[in-house]
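Notes for the structure review
Residues per chain are reported as follows:
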Amino acid sequence: MIKTKENISIQYQPAGQFEDTRFEKIHNVVFSNSDDASICVAHEIASLIKSKQVNDELCVLGLATGSSPIRVYEELVRMHREEGLSFTNVVSFNLDEYYPMVKQSVHSYYYFMHQHLFDHIDINPDNVNIPNGTVLADELHQYCIDYDLKIKEYGGLDFQLLGIGRTGHIGFNEPGSHYNSGTRSITLDHITRVDAAPSFLGIDNVPKKAITMGIGTVKKAKRIVLLGWGANKASILKNTIEGEITSEVPATYLQEHSNTTFVLNEEAAKELTRIKTPWLVGPCLWDEELSSKAIIWLCGLTNKSILRLTDKDYNDNGMSNLLAEGGSAYDLNINMFNKLQHTITGWPGGKPNADDISRPERATPKRKRVIIFSPHPDDDVISMGGTFDRLVEQGHDVHVAYQTSGNIAVSDHEALKFAEVLKDINPNDFYIDAIIKSINTKKSDTEDSLEVRKIKGLIRKRESLAATRFVGVQDENIHFLNLPFYETGTVKKNPVNQEDIDIVAQLIADIKPHQIYAAGDLADPHGTHKVCLDAIFAALENLKHNDYMDDCWVWLYRGAWHEWDIHQIEMAVPMSPDQVLKKRKAIFYHQSQKDGVMFQGNDTREFWVRAEERNNDTAQKYNVLGLADYAALEAFKRYHF
Ligand code: F6R
């Protein structure tokens, strides 16, 4: 069992006082990151396997696929290699498989399980059970009954590992699934297919059906651990843990299982009442961040601006001890108002010759060297186009570093268009012939050839240069880092490695910036932003002992995928209506990412629309809180290294 007290990072509650609150109907533990959490879960599985070995018993595991359990499997493989953990007594049953689906396909769960686990451990292949996606349609019903019977013959599942879909599915038990359902074929929900679309290179390639273990099958497991990572899962996890049991959210059936633990990271847990609004749950340790969060929440609840909040508002809404500590609503309100007011600046690089005590940035040096790190070749203008423009206008030495080539997000027809133009100009170029042929003969689940990747990367490079010239930066200040982790040719990227870190560190060492802007936009569905940020953080760690780093401040932006909460913002840069339009035009230069992009994520808006609406929304929120009425605000949070 996971030892909660030692391992969980409990926000706002001292260790030892952790209890599921009256809001929560499923035991859950929250880790600061999914790596530690996964390792902990892997260790629970390993202990179970070993304890069964001691008694000469089989260990029956129910296993899941998807992004959530990958790190757990990595740790199990590591334990097998380095610590001799043996799987010879393990019998496994996988939750599901697409239907129809051949084992050899890179999209099959059969392939996934062998790639991530079975090929690297000593499990007996005869003990591996994965629903067979090639069973004939008229044999499927009996096949599913037999799958359940086989689990039963082994004495049931000792341990079931689960992920959760945004629909609330476990396995592929989509909304509407019965609490008693057995293994069966099922039609996938549209949202599930949207989520799977990137790895299938488009929703049209995602199968419509699957075979899944039933809710009844899963619920008979003696122990269940569900993994939940990332902001995308936060709202469904709240509904599952705190909501009523309903077939609309099949994971809520787990409320009836007495030995289930949800293992979450902070992002995934952020909607839980005890984390989002802990003052509604019990006494809090009020630090500055929590007070700000609570006061802004109180404004929303009471529909009041900050300076209109009263003692009664605080007392009536679980914040009486904050009021007691803060003295009076008047003092708390003024502090909060000033804090927010001081985040606003039209001088993101600092205002020269001005008193900077309550400004977000330093006045000196007057002209700063700045690096804007952009994970993909358009995040700079999408997420901070207005601030970028101001930094250039205000005379700073602005560099942009595009961390990845962004090649996989260019569609084949876009690449073909450019290749054919080149062919028209130079009909005898064999290299271009090879590109055209490679695109025209590509199958839906194959990787792009190197030549095709190259032309796609170059399209994005030229779009970026067009945009940065429009903002007014010289080409020599634009750096295309083409970090190696990204160059897999598929949606799945490698983790950050030393080469990536070294490339980023070298650029920082060359420029010796006073300001670094980086994407802290961790809801990016492909994880590229996270890896890019990891590379920057690791580079900063390596460089921090150099004197020039004492003058380097790091600002994190968001915008392409989500936005900072108001209480997190430490610098808010206003934009006039004209600047909003200029930012829009800069985004338009990224034509390959317009009018229906390859990887839309779960936000169906175009990137320029998202950016405008998010910036507008931040401005409105400031205004409703009682601050000035701007057309748009770009928001930043400082990172201290
Ligand atoms: C996978 C499975 C699914 C996934 C769920 C979450 O075998 O049955 O229920 O666990 O869709 O997927 P990820 O982990 O990719 O977010």
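Residues numbered from 1 in each chain as written. Predicted model: local features only at pLDDT ≥ 70, side-chain atom pairs only at ≥ 80, totals over all residues. Heavy atoms only, no water.

Okay, the overall build of the chain next. Summing up its helical and strand segments, the chain has 22 helices and 17 strands in all. Projected onto the principal axes, the alpha-carbon positions of the chain cover approximately 80 × 80 × 45 Å. Looking at the chain as a whole, 55% of its 641 residues are labelled buried. Once local pairs closer than 6 in sequence are excluded, the contacts in the chain between residues at least 24 apart make up 75%. Carbon together with sulfur atoms contributes 50% to the accessible area of the chain, which is approximately 27600 Å² in total. Here the chain contributes 68 positive and 89 negative side-chain charges, whose respective centroids are spaced 2 Å apart. (Helix = DSSP H or I, 4+ residues; strand = E, 2+ residues; numbered from the N terminus. Buried < 20%, exposed > 50% of the residue type's maximum accessible area, 1.4 Å probe, protein only. Contact = heavy atoms within 4.5 Å. Areas by Shrake-Rupley, 256 points an atom, 1.4 Å probe, with all protein chains shown as cover. Lys, Arg positive; Asp, Glu negative; His and termini not counted. Charge placed at Lys NZ, Arg CZ, Asp CG, Glu CD.)

Around the ligand, the structure places 13 residues, and the nearest of them are Ser68, Asp96, His169, Gly171 and Lys233. At 2.4 Å from an oxygen atom of the ligand is found a side-chain nitrogen or oxygen belonging to Ser68. Protein chains bury 87% of the 410 Å² of accessible surface belonging to the ligand in isolation. In the shell around the ligand, the residues fall into three nonpolar, eight polar and two charged. (Near = heavy atom within 4 Å. Polar contact = N/O pair within 3.5 Å; in protein donor to acceptor, adjacent residues only side chain to side chain. Nonpolar A, V, L, I, M, F, W, Y, C, P; charged D, E, K, R; others polar.)

Let us look at the pairing of strand S16 (residues 571-575). Of all five residues making up S16, five are buried, and the element is well covered by its neighbours. Of the two faces of S16, the one lined by Met571, Val573 and Met575 and the one lined by Ala572 and Pro574 are each fully buried. The sheet contact formed by S16 and strand S17 (residues 632-639) spans five bridges and is antiparallel. Opposite Val573, over in S17, you have Glu634 as the bridge partner. (Pairing = 2+ DSSP bridges.)

Taken together, seven strands build an open sheet; the order of strands is S13-S12-S11-S14-S15-S17-S16 and the sheet is mixed. Each edge of the open sheet is held by one strand with a lone partner, namely strand S13 (478-480) and S16. Between one strand axis and the next, the sheet turns through 25° on average, direction left out of account. Where strand S11 (residues 369-374) meets strand S14 (residues 515-519), three bridges bridge the pair, whose relative direction is parallel. Note on S14: the bridge partner recorded for Val370 is Gln515. Each of strand S12 (397-402) and S13 touches helix H18 (residues 450-471); the most contacted strand, S13, lies at about 165° to it. Contacting S16 and S17, helix H21 (residues 577-588) runs over the sheet at an angle of about 95° to S16. (Axes fitted to C-alpha atoms, helices over the stretch in contact; angles between N-to-C directions.)

The next point concerns the sheet that holds strand S9 (residues 224-228). With parallel pairing, seven strands are arranged side by side in an open sheet as S1-S10-S9-S6-S2-S3-S5. Among the strands making up the open sheet, the edge pair consists of strand S1 (28-31) and strand S5 (128-129). Helix-sheet contacts for helix H2 (residues 34-54) involve S1, strand S2 (59-63), strand S3 (90-94), strand S6 (159-162), S9 and strand S10 (260-265), and the interaxial angle to S2 is about 150°.

The subject of this paragraph is the pattern of salt bridges. In this structure the tally under the stated criterion is 36 salt bridges. Across the pair Lys637 and Glu570 runs a salt bridge, and its minimum N-O distance is 3.8 Å. In this pair, Lys637 is assigned in strand S17 and Glu570 in the loop between strand S15 (553-557) and S16, connecting sequence segments 67 residues apart. We classify Lys637 as partly exposed; its relative accessible area is 23%. Salt bridges sharing partners connect three or more residues here, namely Lys52, Glu57, Asp158 and Lys222. (Salt bridge = Lys/Arg side-chain N within 4 Å of Asp/Glu carboxyl O.)

Here we come to H2. For H2, with 21 residues, the first-to-last C-alpha span of 30 Å sits near the 30 Å given by 1.5 Å per residue. If you check which residues of H2 are buried, you get Ala37, Ser38, Cys40, Val41, Ala42, Glu44, Ile45, Ala46, Ile49 and Lys52. You can read the cap of H2 off the contacts: a side-chain oxygen lies 3.0 Å from the backbone nitrogen of Asp35, and it is on Asn33. Phi for Asp56, located one or two positions after H2, is positive at around 60°. (Expected span 1.5 Å × (residues − 1).)

Counting 61 residues, the largest nonpolar core has Ile295, Tyr314, Met319, Phe373, Val504, Ile508 and Tyr622 as the members making the most contacts within it. Sorting elements by how many residues they give to this core places helix H20 (residues 528-543) first, with eight residues. (Core = buried A, V, L, I, M, F, W, Y, C linked by side-chain atoms within 4.5 Å.)

Before going further, it helps to examine the environment of Leu507. Relative to the helices and strands, Leu507 resides in helix H19 (residues 498-511). Separated by 89 residues in the primary sequence, Leu507 and Phe418 have C-alpha atoms spaced 31 Å apart. Aside from chain neighbours lying at most four places away, what touches Leu507 is Ile371, Phe373, Ala401, His479 and Leu481.

A few words now on the side chain of Thr488. If you trace the backbone, Thr488 turns up in the loop between S13 and H19. A relative accessible area of 16% places Thr488 in the buried class. Not counting chain neighbours up to four residues away, the residues in contact with Thr488 comprise Glu447, Arg453, Lys493 and Asn494.

Okay, helix H4 (residues 109-116) next. Those residues of H4 not exposed but buried are Tyr109, Phe112, Met113, His114 and His116. Buried residues along H4 sit in contact with S2, helix H3 (70-83), S3 and strand S4 (96-99).

In this section: the pairing of S11. The side chains of a regular strand alternate between both faces of the sheet. Counted residue by residue, S11 has five buried out of six residues, so it is predominantly covered. In the sheet, S11 pairs with S12 via six bridges, with the strands oriented parallel. The partner of Val370 across the bridge, within S12, is Val398. In the classification by handedness, the crossover that spans S11, the intervening helix H15 (residues 379-393) and the parallel S12 is right-handed. (Right-handed = clockwise from strand over helix to strand, strands pointing away.)

Under the criterion given, the structure shown has 17 aromatic pairs. Residues Tyr109 and Phe172 carry aromatic rings whose centres are separated by 6.0 Å and whose planes lie at 25° to one another, so their mutual orientation is stacked. You can see Tyr109 sitting in helix H4 and its partner Phe172 sitting in the loop between S6 and strand S7 (184-187), a full 63 residues away along the chain. Here Tyr109 and Phe172 have matching classes, each one buried. Site record: aromatic cluster; members linked through ring pairs are Phe93, Tyr143, Tyr147 and Tyr154. It is Lys582 that lies over the ring of Phe470; its NZ or CZ is 5.9 Å from the centre. (Phe/Tyr/Trp six-rings, centres within 6.5 Å; stacked < 30°, edge-to-face > 60°. Lys NZ or Arg CZ within 6 Å of the ring centre and 35° of its normal.)

This part is about the side chain of Gln515. With respect to the secondary-structure elements, Gln515 resides in strand S14. A polar side-chain atom of Gln515 sits 2.8 Å from the main-chain carbonyl oxygen of Pro348. Residue contacts for Gln515: discarding those within four places in its chain leaves Pro348, Gly349, Glu361, Arg362, Lys368, Arg369, Val370, Ile371, Leu391, Trp553 and Trp555.

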